[in-house]
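# Coordinate analysis (summary)
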Amino acid sequence: MATKGNPGDQRTRRSLSIAVASGLCLFFYILGAWKRSGFGKGDSIALEITRRSDCSILNNLNYQTSGGDVILDALKSEIKEFKPCDANFTDYTPCHDQMRAMTFPRENMIYRERHCPPEEEKLHCLIPAPKGYTTPFPWPKSRDYVPYANAPYKSLTVEKAVQNWIQYEAHVFRFPGGGTQFPHGAGAYINQLASVIPMDNGMVRTALDTGCGVASWGAYLFKKNVIAMSFAPRDSHEAQVQFALERGVPAIIGVLGTIKLPYPSRAFDMAHCSRCLIPWGANDGMYMMEVDRVLRPGGYWVLSGPPINWRINYQEWQRPKEELEEEQKKIEDIAKLLCWEKKQEFGEIAIWQKRTNSCPEHAVQPTICHSTNPDDVWYKRMEACVTPYPESSGADDIKRGVWKPFRERVNAVPPRISSGSIPGVSVEAYLEDNRTWKKHVNGYKRVNKIIDSGRYRNIMDMSAGMGGFAAALDSPKLWVMNVMPTIAEKDTLGVIYERGLIGIYHDWCEAFSTYPRTYDLIHANGVFSLYKDKCTMEDILLEMDRILRPEGTVIFRDQLDVLVNVKRVVGGMRWNTKLVDHEDGPLITEKVLFAVKQYWVADDETNTST
C-alpha cells in the first residue's frame, strides 16, 4: 500500500529532484551556447533544448537544511532589475574613458594612464553587446580571424594597410601576422629572435610586449609555448587591445607613463618593444629601469625599430641622423648602467640580457631604489632608480635566476617559496594548495563539462592566490589572467610568474583595464568575502558583467550566505545560476555558484536591448 512518507523524506526527494533539474538546466544552457557559437552543428536543436529547460527552477532551491533564516530572508528580498546602458556604451572602459583622459596632462603620457570615475559618475547599468555580436572563433582560428560585428572599427585596415596588420574581408577581420618590423610575418621575426634567445627549450616562458598594437607578436609566440602579457594605450589606433583579446591573446589597456607597471619584480623572462614609440632614453632612463625591475635575472630585452641601425635607415624613417644617433647613445649608456650585456644587433633588432647578479663593484654604480618592497606598485610613481637584486646566499637561489623549463616549472616549488621570502607560505602549504585546486577543478568539470573543450579561451581568476586554479586547468586551448587583489593578505603574484603563468595586480573596487566582453570564463574565489567592507557587491558584479562575453560563464566559490546574496543580485542581471555543494559534501559551508550570462545585444533604434 502506498504511503505519503515522512516530511524529512519528502524534503530529501524534493531537494534531489531540484538539484538534478537545475543541473540539467545549466548544462543544457551551456550546451545551447556552445552550439550557437559555431562549435557544433544542430543550432535549432540546441535552441529548443534551451527553451525547454526551465531555468526558473534555480530560484526555488530548498535551503531549509543548510542555510538558516539569513538565507531565506535573502531569497525573499526583492530582486533589483538592472537596465541596459545606452547603445553608445558598447565599448565603455571606465578607467580609460576618452573624454576623461583629455582632461589630464599629456606630459609623460599621464592622460593615457588609469583615471577611474568617481562614485557619482559610475554607470549602474548593463553594458550591451553590439548588434550582430557572436562568440569568437575557437583557437587557433581566432588568432587569424575576428568577426567584424564584435569590434566594428576599420580605421586600422586603412592606417596599417601597407604593414599587413589587419585586413577586412566579407564581414571578418583577417590578421596576416604582419607588423611594421616584421614584413615577412611574426613567425619569421620570432624565429630570428629565437636564434639568440632560448625560446625552444622552455627556458623562456613569460614575455612582456610594450606597445603591442594588435598583439601579433604575442599571438605567434604561442607556437613556442611562450605566453606574452601585451599592453597598449587606448589611443587613436582604435581597438588595438580589443582586437588582441578577440583573437584570444592576453592583453590589457596600459602605458609606460609615470606609474609603475602592475606586475611584480623579476616576473618576465623577456621584454619586447617593436616600434612601441616609448622614449627609452628620456627621464634619465626611467622606463628602461622599470623594464629592469620586471625582468628576471638573466632575462632578455628586445628593441626593434628606431633608433637601432640608424645609419642605414635614417632616410627611410625621415628623421635627422644626429637625433637618432643621440637617441641610440642614450639607450646604450643606460643599458651599461644597468649592466645589461648586448647579445646581438642585426638589422633593426638589438637584444640585451640582464645579469644574473648585481653589477660588479668596478662598474659605474646606478642610483638604487630605497623601497623595501619592489612589488608595491599599485598607483606608485615610477622612479629613475634601479631595483636591487634580492638578498641571497648560495648558488641556487632567486638571485642567480635559476630557471626550470616551463612544463617542469608549473608544479615545481617556486624559488620565492623555497627561499622562505613570503611569510606564512611554506613548501608544504604550496603543495597542499596544488592538490586542493586539482580537486576543485575536477569538481568544476563535473558540472560544466565544456571547460576544456575549447569553448573558453580567455579566462580570468579574480583572486588567484598561488595560481593553483590556472595550473590545474593546464590546457593549450586556454590561458588565465591571474589577478592579485591589492588588498590580499599575501602577495603571491611573483610565485605565479615563477610557475610560468601570467597575472596582474588590481583593486576590484575599480574597473579592470580591458574592453567589455573580453573574457569567456571568470573564476571568483572568495572575492566577495575579501571585499565585503571595501566596496559594494553590486559594483563588482556589474564590472564582471561588463568584461564577460555573452554566454560566458562565472564560477563563484565562497561561503553560502555570500553566494545567496550574489545569486539574488545577478538575478536582475540576465544571468542563469546554479548553486552546488562543496566537493567534500553538503556539510562544508563553502559552496560553489555557477552562472551563465544570457545572450542579448543593443538595439540601435531604441537604445534598449533585445
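As annotated in an unreviewed UniProt entry, the protein chain carries the name Methyltransferase and comes from Erythroxylum novogranatense. What UniProt records for the protein chain under Sequence similarities (unreviewed entry) is the sentence "Belongs to the methyltransferase superfamily."

Any empty space left between the atoms is revealed when a probe the size of a water molecule rolls over them. Within this model, the largest pocket holds a volume of roughly 1000 Å³. Elements represented by at least two residues in the lining of the largest pocket include exactly α8 (216-221), β5 (227-232), β7 (268-274), β8 (295-304), α11 (310-317) and α12 (321-337). Here the lining of the largest pocket is built from residues that sort into 25 nonpolar, 16 polar and eight charged.

Another aspect to go through is α11. The complete set of buried residues in α11 reads Trp310, Asn313 and Trp317. One side of α11 carries all its buried residues, which in axial view fall inside an arc of 85°. The exposed residues of α11 that point more than 90 degrees off its buried face are Arg311, Ile312 and Gln315. Downstream of α11 by a residue or two, Gln318 has a phi angle that is positive, lying close to 55°.

Let's shift gears to the pairing of strand β10 (residues 349-353). Burial within β10 is extensive, with five of its five residues counted as buried. Here β10 shows no split at all, with Ile349, Ile351 and Gln353 on one side and Ala350 and Trp352 on the other all buried. With five bridges connecting them, β8 and β10 associate as antiparallel partners. Residue pairing across strands places Ser304 opposite Ile349, the latter belonging to β10. Across five bridges, the pairing between strand β9 (residues 341-346) and β10 is antiparallel.

Taken in spatial order, the seven strands of this open sheet run β6-β5-β4-β7-β8-β10-β9, and their pairing is mixed. The outermost strands of the open sheet, each flanked by one partner alone, are β6 (251-253) and β9. Strand after strand, the sheet turns through a mean of 15° between neighbouring axes, direction not considered. Packing of helix α7 (residues 186-194) onto the sheet brings it into contact with β7, β8, β9 and β10, and relative to β10 it is tilted by some 45°. Most of the contacts of α12 go to β9, to which it runs at about 150°, and overall it touches β8, β9 and β10.

This brings us to the state of the cysteines. For the coordinates displayed, the defined rule picks out six disulfides. Here Cys95 is linked by a disulfide to Cys116, with a sulfur-sulfur distance of 2.0 Å. Looking along the S-S bond of the Cys95-Cys116 disulfide, the torsion reads about 110°, which is the right-handed sense. You can see Cys95 sitting in the loop between α3 (68-76) and α4 (98-101) and its partner Cys116 sitting in the loop between α4 and α5 (141-144), a full 21 residues away along the chain. The exposure class assigned to Cys95 is buried, which follows from its relative accessible area of 1%. Take Cys116: its relative accessible area is 23%, and that puts it in the partly exposed class.

Calculation notes
- Residues numbered from 1 in each chain as written.
- Predicted model: local features only at pLDDT ≥ 70, side-chain atom pairs only at ≥ 80, totals over all residues.
- Heavy atoms only, no water.
- UniProt positions renumbered as here; feature names shortened; annotations may be inferred.
- 1 Å grid on protein atoms, 1.4 Å probe; cavity = no way out; pocket = protein on both sides within 12 Å on 5 of 7 lines; lining within 4 Å.
- Points joined across faces, edges and corners; volume = space filled by probe spheres on them.
- Helix = DSSP H or I, 4+ residues; strand = E, 2+ residues; numbered from the N terminus.
- Nonpolar A, V, L, I, M, F, W, Y, C, P; charged D, E, K, R; others polar.
- Buried < 20%, exposed > 50% of the residue type's maximum accessible area, 1.4 Å probe, protein only.
- Arc of directions from axis to C-beta.
- Pairing = 2+ DSSP bridges.
- Axes fitted to C-alpha atoms, helices over the stretch in contact; angles between N-to-C directions.
- Contact = heavy atoms within 4.5 Å.
- Disulfide = S-S within 2.5 Å.

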